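Next come the chains, spelled out residue by residue.
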Amino acid sequence: MKHYKIAVLAGDGIGPEITREAIKILKLIEERNTVSFELLPAAFGACAYFEYGDAFPQATIDICDKADAILKGPIGLSHEESKKIPIDKQPERGALLPMRRRYNTYANFRPVFLPKALAHFSPLKPEIIGEGIDLIMVRELVGGLYFGSKESGINDKGLRYVKETLEYDELQISRILHQAFKLAEKRRKLLHNIHKSNVLKSSVLWNEILEEVAKDYPDVEVRHQLVDSAATNLCLNPTQFDVMVMENMFGDILSDQGGGILGSLGLMPSACLGDEKAYYEPSHGSAPDIAGKNIANPYSMIGSVAMMLENSFNMPEEAKNVWAAMQGVFADGFSTADLSKQGSGIRMISTEQFGDKVFDKLRLTPKVPS
Ligand code: IPM
Ligand code: MN
């Protein structure tokens, strides 16, 4: 029997309610397999700040340090509420970025997946979606502008100024590129390199290293696209993409656009992998406006569990079964109020009911003997 410790950070806003549904699925996975999960709940985000004065308190760090994997819910407050927390202690700067830095989770995988049958979720026309959207964005997660040195103050002209630096070394670039190439090898053998080398020197170095790394993956075709043009193409012709790789800020922005073409960021789980530790989280925020209403779809959180099964626990078949169960619930015509409108032929169910339906589908899915 394999035994894994999972730190469970439910986070803020809709975090606790969608995490509850993800835990149901983890329990079912235990029942169906010779695996046991020890769930270690811990405070993280604005809730942790209000309770312990720190959005990533030491007790949570200790739990995450000893966990085999971390399941993290969305964090953050509304713009107004955030003002109650000093800037450097706010959950994004005070918890999320420190977690990424601590565990060096440099590789962020964000699937943008919409089967043809679910095309109605998307704002794009059916002819654009064709047979469905199925791409993965690979985002560098611990470098670039988000982690560079920062200063601000008054300059010699007496004006307020700010300076943030974008820095990458060749190792930071090559390791994320290797991850992307390896993924492309397992999929359509097509890699879109997203950059801005017509302006940024960082992209010039990125592309230079890409040429070197590409030699190790002769079967993978590389296509280059400027990031601004990629944004357009994601709307006009998303099915041209399979694996897209890019630096941190480009990935932050384009992956939200990925959620946009699906119809909601609520359909965006993600995996954040380092060489020693991994954590899994929805790509979206904590949606304070709908928190506690039992209407948030738990797809991104349950999808994060699926990514954990595949990447941390070597259970790719069960991961596929979890994805299929979620898609199946949508295909049966059910949805939640955050994703769909009343009257569109959709049977509206709650967060909890959605979780139950995924649970029931998975329970009935035959297991592949391990
Ligand atoms: C994301 C989020 C974070 C980021 C924020 C919350 C710091 O937007 O995971 O995409 O910018 O990376
Ligand atoms: Mn983001």
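Please refer to the structure placed before this passage.
Residues numbered from 1 in each chain as written. Chains lettered and ligands numbered in written order. Predicted model: local features only at pLDDT ≥ 70, side-chain atom pairs only at ≥ 80, totals over all residues. Heavy atoms only, no water.

A. Region of interest: the overall build of the chain. A count of helical and extended segments in the chain gives 13 helices and 14 strands. For 370 residues, the compact-globule estimate of 2.2 N^0.38 gives 21 Å, and the C-alpha radius of gyration of the chain, at 21 Å, lies within 12% of that figure. For the C-alpha atoms alone, the extent of the chain along its principal axes is close to 65 × 50 × 45 Å. Split into buried and exposed, the 370 residues of the chain put 54% on the buried side. Within the chain, contacts between residues at least 6 apart in sequence are counted, and of these 75% link residues at least 24 apart. When the accessible surface of the chain is totalled, it reaches about 16,800 Å², and 52% of it is carbon and sulfur. Looking at the chain, you have 42 positive and 49 negative side-chain charges, and the mean spots of the two groups are 3 Å apart. (Helix = DSSP H or I, 4+ residues; strand = E, 2+ residues; numbered from the N terminus. Rg over C-alpha atoms; globule rule 2.2 N^0.38 Å. Buried < 20%, exposed > 50% of the residue type's maximum accessible area, 1.4 Å probe, protein only. Contact = heavy atoms within 4.5 Å. Areas by Shrake-Rupley, 256 points an atom, 1.4 Å probe, with all protein chains shown as cover. Lys, Arg positive; Asp, Glu negative; His and termini not counted. Charge placed at Lys NZ, Arg CZ, Asp CG, Glu CD.)

B. Here's a closer look at the pattern of salt bridges. Scanning all chains against the criterion turns up 18 salt bridges. The partner of Glu221 in a salt bridge is Arg223, and the shortest N-O contact between them spans 2.8 Å. Notably, a salt bridge pairs Asp360 with Arg363, separated by 3.4 Å at the nearest N-O pair. In this pair, Asp360 and Arg363 both sit in helix 13 (residues 351-364), 3 residues apart, roughly one turn of the helix. Judged by its relative accessible area of 34%, Asp360 is partly exposed. Look at the salt bridges and you will find they share partners, linking Glu21, Lys24 and Asp356 into a network. (Salt bridge = Lys/Arg side-chain N within 4 Å of Asp/Glu carboxyl O.)

C. Seen up close, unusual backbone geometry. Positive phi, close to 50 degrees, is recorded for Asn104, a residue that is not glycine. For Asn104, the location among the structural elements is in the loop between helix 5 (91-103) and strand 4 (107-115). Exposure remark for Asn104: the relative accessible area of 34% places this residue in the partly exposed category. At Asn294, a position not held by glycine, the phi torsion is positive, near 60 degrees. Note that Asn294 resides in the loop between strand 12 (278-282) and helix 11 (299-311).

D. Spotlight on the pairing of strand 7 (residues 160-164). Both strand 6 (residues 150-154) and strand 7 contribute to a ladder of 5 bridges, which runs antiparallel. Its bridge partner lying in strand 7, Glu151 is registered against Lys163. A loop of 5 residues connects strand 6 with strand 7, the two strands running antiparallel in sequence, and Gly158 in this loop sits at a positive phi of about 80 degrees. (Pairing = 2+ DSSP bridges.)

E. Up close: the layout of surface pockets. By volume, the largest pocket amounts to about 960 Å³. What lines the largest pocket is a set of 35 residues, and nearest its centre among them are Glu92, Arg93, Leu96, Leu97 and Tyr146. Every element with two or more residues in the lining of the largest pocket is listed here: helix 5, strand 6, strand 7, helix 10 (248-262) and strand 12. Take the lining of the largest pocket: its biggest share by element is 7 residues, from helix 5. In terms of residue class, the lining of the largest pocket is made up of 13 nonpolar, 8 polar and 14 charged. If you go around the second largest pocket, you meet 22 residues; those closest to its centre are Ile136, Leu183, Arg187, Met307 and Glu310. Counting only elements with at least two residues in the lining of the second largest pocket, the list comes to strand 4, strand 5 (132-140), helix 7 (170-186), helix 11 and helix 12 (316-331). The residue makeup of the lining of the second largest pocket, split by class, is 12 nonpolar, 3 polar and 7 charged. (1 Å grid on protein atoms, 1.4 Å probe; cavity = no way out; pocket = protein on both sides within 12 Å on 5 of 7 lines; lining within 4 Å. Points joined across faces, edges and corners; volume = space filled by probe spheres on them. Nonpolar A, V, L, I, M, F, W, Y, C, P; charged D, E, K, R; others polar.)

F. Seen up close, empty space enclosed by the protein. Throughout the structure, instances matching the rule amount to 1 cavity of 30 Å³ or more. Computed from the structure, the largest cavity encloses a volume of approximately 30 Å³. Considering the residues around the largest cavity, the lining is formed by Pro111, Phe113, Leu267, Pro269, Tyr299 and Trp323. Looking at the lining of the largest cavity residue by residue, the class counts come to 6 nonpolar, no polar and no charged.

G. Summary view of the side chain of Ser36. You can see Ser36 is positioned in strand 2 (residues 35-41). Polar contacts involving the side chain of Ser36 include one to the side chain of His3, which spans 2.7 Å. If we skip the residues at most four places from it in the chain, Ser36 touches Met1, Lys2, His3, Tyr4 and Glu30. (Polar contact = N/O pair within 3.5 Å; in protein donor to acceptor, adjacent residues only side chain to side chain.)

Remember, this is a structural readout, not a statement about activity or role.
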